[in-house]
Amino acid sequence: QVQLVESGGGLVQSGGSLRLSCSASSGSISRYYNMGWYRQAPGKERELVASARSSGSTDYADSVEGRFTISRDNAKNTVFLQMDSLKPEDTAVYYCNAQELSLSRIWDYWGQGTQVTVSS
């Protein structure tokens, strides 16, 4: 069973930085054609923050473009989300997601989430 374990969340002041990490408990992350970070704030729907495909291409939500950077480190079996210039509106629970293409369907795996709180 695939387990994704996130770490790195916490409380930071506006303008500060945090780096989130997501590690896979079994197998190599290279098996996932897409890995990403989502977030969910209270009362809001879960939204995509950033994604990184095995091809090397990346996508970002408009709200974080230029401030956040996603990266995959296959050697460390970890995907990172570097968050700079944090704003109070970035406060949310951040979830790691991995997508695998197998048996002609896409399998989605999720981490348990890590809280990020940005104070003004």
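Along each chain, the written sequence defines residue order, and numbers are assigned to residues from 1. Local features in this predicted model are restricted to residues whose pLDDT is 70 or higher, and side-chain atom pairs enter the listing and the counts only when it is 80 or higher, whereas totals over whole chains, interfaces and linings include all residues. Hydrogens and water are ignored here; the side-chain numbers use all heavy atoms of the structure.

Asks: Help me understand unusual backbone geometry in this model?
Replies: Excluding glycine, a negative phi dihedral is what most residues carry, and trans is how most peptide bonds are arranged. One non-glycine residue, Ser-85, lies in positive phi territory at about 50°. Position of Ser-85 relative to the elements: it lies in the loop between strand E8 (78-83) and strand E9 (92-102). Only DSSP runs of H or I covering at least 4 residues are called helices, and only runs of E covering at least 2 are called strands; the numbering of each starts at the N terminus.

Asks: Would you take a moment to explain the pattern of salt bridges for this structure?
Replies: Close approach of charged atoms allows side chains with opposite charge to pair. Salt bridges are defined by distance alone: a side-chain nitrogen of Lys or Arg within 4 Å of a carboxyl oxygen of Asp or Glu. According to the stated counting rule, one finds 5 salt bridges in the structure shown. The salt bridge involving Glu-47 is made with Arg-39; its shortest N-O contact spans 2.7 Å. Exposure categories follow from relative accessible area, calculated using a 1.4 Å probe and restricted to protein chains: below 20% of the type maximum is buried, above 50% is exposed, and the middle band is partly exposed. Looking at Arg-39, the relative accessible area reads 5%, which means it is buried. Salt-bridge contacts for Asp-59 lead to Arg-53; the nearest nitrogen and oxygen are separated by 2.6 Å. In this structure Arg-53 comes out as partly exposed when scored by relative accessible area, which is 25%.

Asks: Would you explain the sheet that holds strand E3 (residues 18-24) in this entry?
Replies: Across a sheet, strands are paired by hydrogen bonds formed along the backbone, either parallel or antiparallel in direction. At least two bridges found by DSSP between two strands are what make those strands a pair. Within the open sheet, the 4 strands sit side by side as E1-E3-E8-E7. Their pairing is antiparallel. Pairing within the sheet leaves two strands with one partner each, and these edge strands are strand E1 (4-7) and strand E7 (68-73). Neighbour-to-neighbour, the strand axes of the sheet open up by a mean angle of 15°, direction not taken into account. Of the strand pairs in this sheet, E7 and E8 are connected by 6 bridges, and their pairing is antiparallel. By the bridge assignment, Ile-70 is partnered in E8 with Leu-81. Where helices are involved, their axes are fitted lines through C-alpha atoms of the stretch in contact, as for all axes, and angles between N-to-C directions lie from 0 to 180°.

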